[in-house]
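Take a look at the letters that make up each chain.
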Amino acid sequence: MARILAISSHVVRGHVGLNATVPALQSLGHEVWALPTVLLASRPGLGRMSRHELPAPDLAGMLAALEADGCWPMLDAVFTGYFPSPQSVQMAAEAIARIGAAKSSLIVCVDPILGDAGRLYVAQETAEAIRDELIPLADVATPNLFELSWLSGTSPVTAEDIVQSARRLGPATVVVTSAYESEQSVGTLLVTGDATSERKTAVRHRIPNGAGDLLAGLFLGRLLRHEPAEAALEASLASLERVLAASEGQAVLQLSALDTSPR
């Protein structure tokens, strides 16, 4: 079992952000310390957009309290997802640097939640902070194709382009979700320092939000069980596919399907 500090969004209703990543990690036997950066009543597109951000000084205070309690050497990994402001990114990045100093074997996984379908859905200043302050700390990153393009300053088209952009990004392990899509399948690309691996899964329609958050948690969780990256991705996609099959046409991801996923 590993112990992970997970910093991202939390929704009351729906399974996105921490509400997808945390169950994914827990399903693999890990302990998760979940720290929300923002609280929403429902996931975007599901209900009223009632939103409360954790101010950056309060985020820093939470992290400082954990540090004062001597928690940093207890951690095996840090996961980051959604941030509402560049200031909150900075607070997280500073804490991660201190955690790394206290635990040399720490794994940092950054799911750079910036946007999709050709547009940012966070402020540009926040996206720049993730690029400049968090990505350099990451051992693992899980961008979608748009996020990879934006973060790397490239416009990848072919699989070779995507691989080059992923290596340019910096982290030793990069999983590019929605790397390409046809009428029948969606491609996920794993890029490490000396290898690449490509996986195809069936296109599914009317799927609720949160698949990327779920996959990031599953992949990190398997890496923390010391599975090789390629095997970790294969198993993670199998678990994701089980959940997506159960979730077609549903309002939220059916995470109960994780209970029967092969381990």
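Keep in mind that what you see is a predicted model, and the values were worked out from it rather than measured.

Enquirer: Go over the overall build of the chain with me, naming the residues and quoting the values.
Expert: Of regular secondary structure, the chain possesses eight helices and eleven strands. Against the 2.2 N^0.38 benchmark of 18 Å for 263 residues, the chain shows a C-alpha radius of gyration of 17 Å, consistent with a compact globule. The principal-axis extents of the C-alpha atoms in the chain amount to approximately 50 × 40 × 35 Å. In the chain, which comprises 263 residues, the share counted as buried stands at 52%. In the chain, 67% of the contacts between residues at least 6 apart in sequence involve partners at least 24 apart. Accessible surface computed for the chain: about 11400 Å², of which carbon and sulfur atoms make up 50%.

Enquirer: Before we move on, can you summarise the pattern of salt bridges with the specific residues and values?
Expert: Any two side chains of opposite charge can pair, given that their charged atoms come close. Applying the stated criterion across every chain, the model contains eleven salt bridges. One salt bridge connects Glu230 with Arg199, and the closest N-O pair in it is separated by 3.0 Å. Pair noted here: Glu230 is in helix α8 (residues 229-247) and Arg199 is in strand β11 (residues 196-202), with a separation of 31 residues, a long-range link. You can call Glu230 partly exposed: its relative accessible area is 43%. Between Arg225 and Glu227 there is a salt bridge, with the nearest N and O atoms lying 3.7 Å from each other.

Parameters at a glance
Residues numbered from 1 in each chain as written. Predicted model: local features only at pLDDT ≥ 70, side-chain atom pairs only at ≥ 80, totals over all residues. Heavy atoms only, no water. Helix = DSSP H or I, 4+ residues; strand = E, 2+ residues; numbered from the N terminus. Rg over C-alpha atoms; globule rule 2.2 N^0.38 Å. Buried < 20%, exposed > 50% of the residue type's maximum accessible area, 1.4 Å probe, protein only. Contact = heavy atoms within 4.5 Å. Areas by Shrake-Rupley, 256 points an atom, 1.4 Å probe, with all protein chains shown as cover. Salt bridge = Lys/Arg side-chain N within 4 Å of Asp/Glu carboxyl O.

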